[in-house]
Amino acid sequence: MIGGGFTGLSTALCASEAGMSVILLEAEQIGFGASGRNGGHLIPGLRWSMRELAASFGVERARAIMSASLAARDSVHERIEKHRIACDLRPGHLEAAHKPAHFQEMCREVEFRRQELGDESLEIVQPTDIERHVGTSHYHGGVLDRNGGHFHPLNYALGLASAGLGAGVRMYEGSRVTRLDDRGPVVVETEAGSVSAERAVIACDSWTGDLVPELGRHTVPIMNYNIATAPLDDDLASAILPGNVAVADSRFVLNYYRLSADRRLIFGGGEKYSQRPPADIGAFVRQYMIQLFPSLECVPIDYGWGGAVAVTANRLPHFGRRGNCYFAQGFSGHGALLTTLAGALIVDAMTGNSKRFDLFANLPHSRFPGGKLLQRPLATLGLIWYALRDRL
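Calculation rules
Residues numbered from 1 in each chain as written. Predicted model: local features only at pLDDT ≥ 70, side-chain atom pairs only at ≥ 80, totals over all residues. Heavy atoms only, no water. Pairing = 2+ DSSP bridges. Helix = DSSP H or I, 4+ residues; strand = E, 2+ residues; numbered from the N terminus. Axes fitted to C-alpha atoms, helices over the stretch in contact; angles between N-to-C directions. Contact = heavy atoms within 4.5 Å. Expected span 1.5 Å × (residues − 1). Buried < 20%, exposed > 50% of the residue type's maximum accessible area, 1.4 Å probe, protein only. Polar contact = N/O pair within 3.5 Å; in protein donor to acceptor, adjacent residues only side chain to side chain. Salt bridge = Lys/Arg side-chain N within 4 Å of Asp/Glu carboxyl O. Parallel < 35°, antiparallel > 145°, perpendicular 65-115°, else oblique. Left-handed = near helix turned anticlockwise from the far one by under 90°. Nonpolar A, V, L, I, M, F, W, Y, C, P; charged D, E, K, R; others polar.

Engineer: Which residues make up the sheet that holds strand β7 (residues 177-181), and what values go with them?
Structural biologist: Pairing in this open sheet of 3 strands is antiparallel, and the strands run β7-β8-β9 from one edge to the other. With one partner strand each, in any of the chains shown, β7 and β9 (193-197) form the two edges of the open sheet. Averaged over all adjacent pairs, the angle separating strand axes in this sheet is 15°, with direction ignored. Both β7 and strand β8 (residues 186-190) contribute to a ladder of 4 bridges, which runs antiparallel. Directly across from V177, in β8, lies its bridge partner T190.

The structure is reproduced here in structure tokens:
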């Protein structure tokens, strides 16, 4: 396994449980990348709605893809329960409508999911009821997913690592892979030595292009920034998030937030397309938080951090196989759940049951245009356009 995030850790654990001899190589520390730096939102499904899947692939295929995607939630919950991972798991995720038209789209999706999947986990929240769930009047209704939720992402990664070690996985931090030869038996080289294996898994997400440039052309890294306020008193915390659910809005460049176990507001948001972080992450993100919650204007920001999230051109996850190497990347903001499922599906495919893996591996993908020099600038122009549409 190359990469010590959710994908690599879950694949390593599943492979060891299946009786394989497993080595995991991580360039930095376990959870160093997006797995330890994300906002901790557990959002069932994909970036595409089931209606969009059905329009592109037909209802039958859409039903299979969405059902497999929704199973990711159970995969995460089962891991947490089985290995007693202390990661502050909480139920409930609200998608809040940034525009009235977004709310109408959400309502149509809920009805379609109920009709085609019998999915009763989604509750339409009318515009007049939205403040029962989130203390702002900026939204035009939303959808509460009872199967969604939030957790402490780094603690979950560390819990997977602990479970993997207990299952016999050999893990090596500070072991950056410098060369990968997948012609025949796989040879993985690091500065300290090399590993030979029958198969390998590339689980590097935003850093995949450093190792396999051709795969890297299918994603671009988007910088993601979060802040954590000082602990809020009970009244203020309850006023902002009365039900303690996680919230993400429907903007292209979305705001997303939740309460931590010690009642801090963990808030992510803002537009930043360069790889260079803001000089003051706290000040950069705080302005978006205050727009929604003016009552937090005088609350100190105790922490600010950022990291890269790999996004595909169509915002669907990119699974596949190159010779004896499997890969999964480009989860496009839905990786907190899908990565654990990806590990199970990769191991299923290794052991001869590739049906669910192929559901994702057969999704259409295209490389970002522009080649090595222009790929990121061209992708950035597209992202800026969609961000401007939020404001129109």
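Engineer: Any details on the environment of I43? Residues and values, ideally.
Structural biologist: In this fold, I43 is placed in the loop between β2 (41-42) and α3 (50-57). Put simply, I43 and F327 are 284 residues apart on the chain and 22 Å apart in space, counted from C-alpha to C-alpha. Once residues lying within four places of it in the same chain are set aside, the contact partners of I43 are H93, H334 and L337.

Engineer: Could you give me a rundown of helix α1 (residues 6-17), with the residues and numbers involved?
Structural biologist: The end-to-end C-alpha distance of α1, which contains 12 residues, comes to 16 Å, matching closely the 16 Å that a straight helix rising 1.5 Å per residue would cover. When you tally the buried positions in α1, you get 11 out of 12 residues, the bulk of the element. Here α1 has its buried residues at F6, T7, G8, L9, S10, T11, A12, L13, C14, A15 and S16. In the segment just after α1, G19 is the residue with positive phi, at about 95°.

Engineer: If you had to explain the side chain of Q329 to someone new, which residues and values would you point to?
Structural biologist: With respect to the helices and strands, Q329 occurs in strand β17 (residues 325-329). Separated by 3.3 Å, the side chains of Q329 and T208 make a polar contact. Within the local environment of Q329, its side chain forms a polar contact with the backbone oxygen of L215, the two atoms lying 3.1 Å apart. If we ignore the near neighbours within four places in the chain, the residues touching Q329 are D205, T208, L215, H218, T219, P317 and H318.

Engineer: Explain helix α5 (residues 100-117) to me, and be specific about the residues and the numbers.
Structural biologist: With 18 residues, α5 should reach 26 Å at 1.5 Å per residue; the first-to-last C-alpha distance of 26 Å fits that figure. Every buried residue of α5 is accounted for by F103, M106, C107, E109, V110, F112, R113 and E116. The inward-facing, buried residues of α5 contact α3, α4 (59-82), β3 (90-96), β4 (122-125) and β5 (142-150). Count one or two residues on from α5 and you reach G118, which has phi positive near 65°.

Engineer: Which residues make up the pattern of salt bridges, and what values do they have?
Structural biologist: The full count for this structure, using the stated rule, is 20 salt bridges. Across the salt bridge formed by R79 and E17, the nearest N and O atoms sit 2.8 Å from each other. With R79 in helix α4 and E17 in helix α1, this pair connects stretches of sequence that are 62 residues apart. Residue classification places E17 among the partly exposed positions, given a relative accessible area of 38%. Several salt bridges converge on common partners, so that one network encompasses R179, D181, R183 and E189.

Engineer: Could you give an account of the packing of α3 against α4, with specific residues and numbers?
Structural biologist: Following both chains from N to C, one finds α3 and α4 inclined at 135°, their axes separated by 7 Å at the closest point. Between α3 and α4, the angle is such that the two are oblique. The hand of the α3/α4 crossing is right-handed. Along its contact with α3, which presents M50, L53, A54 and F57, the element α4 presents V59, R61, A62, R63, I65 and M66. For the contact of α3 with α4, the residue count by class is 8 nonpolar, no polar and 2 charged.

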